[in-house]
Each structure stands twice: as C-alpha cells, then as structure tokens.
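Inside the fold
Given next are the chains, with one letter for each unit.
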Amino acid sequence: MSTEKRTYRSFWLILISGMLTGMGNGSVFGATLMCLMGRGNFGNWGGAGWTAYDPSTFTGFIDIAMIVFGLAFCVILVVGLGRHERIEMKNAA
C-alpha cells in the first residue's frame, strides 16, 4: 500500500458523491419547506441570475441550503473515510 493517505486519493470521489448526495437531500428539504410554508413569506421567488443565490429569496434560500447540505456531506465523508483508514492501519500493523 502506498504511503499516501486514502482520504487524499479519494478527493474527487468525496467531492462528487458528497455534493450529489447532500444537494439531493437539500432539495428534499426545500420541497418540504415549500409544502409546509409555501412561498408566501418570501418577497421574491428569485429564479433569475444572481437572485437565484440570494438567501432572502425562496429559490436562493433553497440553493444555499443545498450547497450547505452538500458541503456537510463532504465533511461527513472525510471524517468517515479517515476513521476507516485509521482502523485499517491499526489492523494491518
């Protein structure tokens, strides 16, 4: 086995799968939020240009939530892979 950590070798796997899973869960969060409160509390739905990422608009809030969920899942994957690697190294020694 190489001396390079698996966490570093798995960068693209962590980034793609973490963002894909997290943003998918963030969109479900947004759909649930829309079902529970509707878009009435936001002054603008925010679907065009940079307003799509403005947290004061409905779409912007959901887009930011999806990005936050994606980054959180990337962190979860890094922690999980690091712990798995430590267990594997301890068992190999």
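Scroll up to find the structure this text is about.
Residues numbered from 1 in each chain as written. Predicted model: local features only at pLDDT ≥ 70, side-chain atom pairs only at ≥ 80, totals over all residues. Heavy atoms only, no water.

1. Side note on the overall build of the protein
Along the protein, the regular secondary structure elements total three helices and zero strands. C-alpha atoms of the protein, sized along the principal axes, occupy 60 × 25 × 15 Å. Burial analysis of the protein (93 residues in total) assigns 25% to the buried set. Pairs at least 24 apart in sequence give 58% of the contacts found in the protein among residues at least 6 apart. Accessible area for the protein stands at about 6,600 Å²; split by element, carbon and sulfur atoms hold 69% of it. (Helix = DSSP H or I, 4+ residues; strand = E, 2+ residues; numbered from the N terminus. Buried < 20%, exposed > 50% of the residue type's maximum accessible area, 1.4 Å probe, protein only. Contact = heavy atoms within 4.5 Å. Areas by Shrake-Rupley, 256 points an atom, 1.4 Å probe, with all protein chains shown as cover.)

2. Things to note about the packing of aromatic side chains
Throughout the structure, instances matching the rule amount to three aromatic pairs. Taking 5.0 Å as the distance between ring centres and 75 degrees as the angle between the ring planes, the aromatic pair formed by phenylalanine 11 and tryptophan 12 counts as edge-to-face. When its relative accessible area of 45% is taken as the criterion, phenylalanine 11 is described as partly exposed. Tryptophan 12 gets classed as exposed once you look at its relative accessible area, which sits at 58%. (Phe/Tyr/Trp six-rings, centres within 6.5 Å; stacked < 30°, edge-to-face > 60°.)

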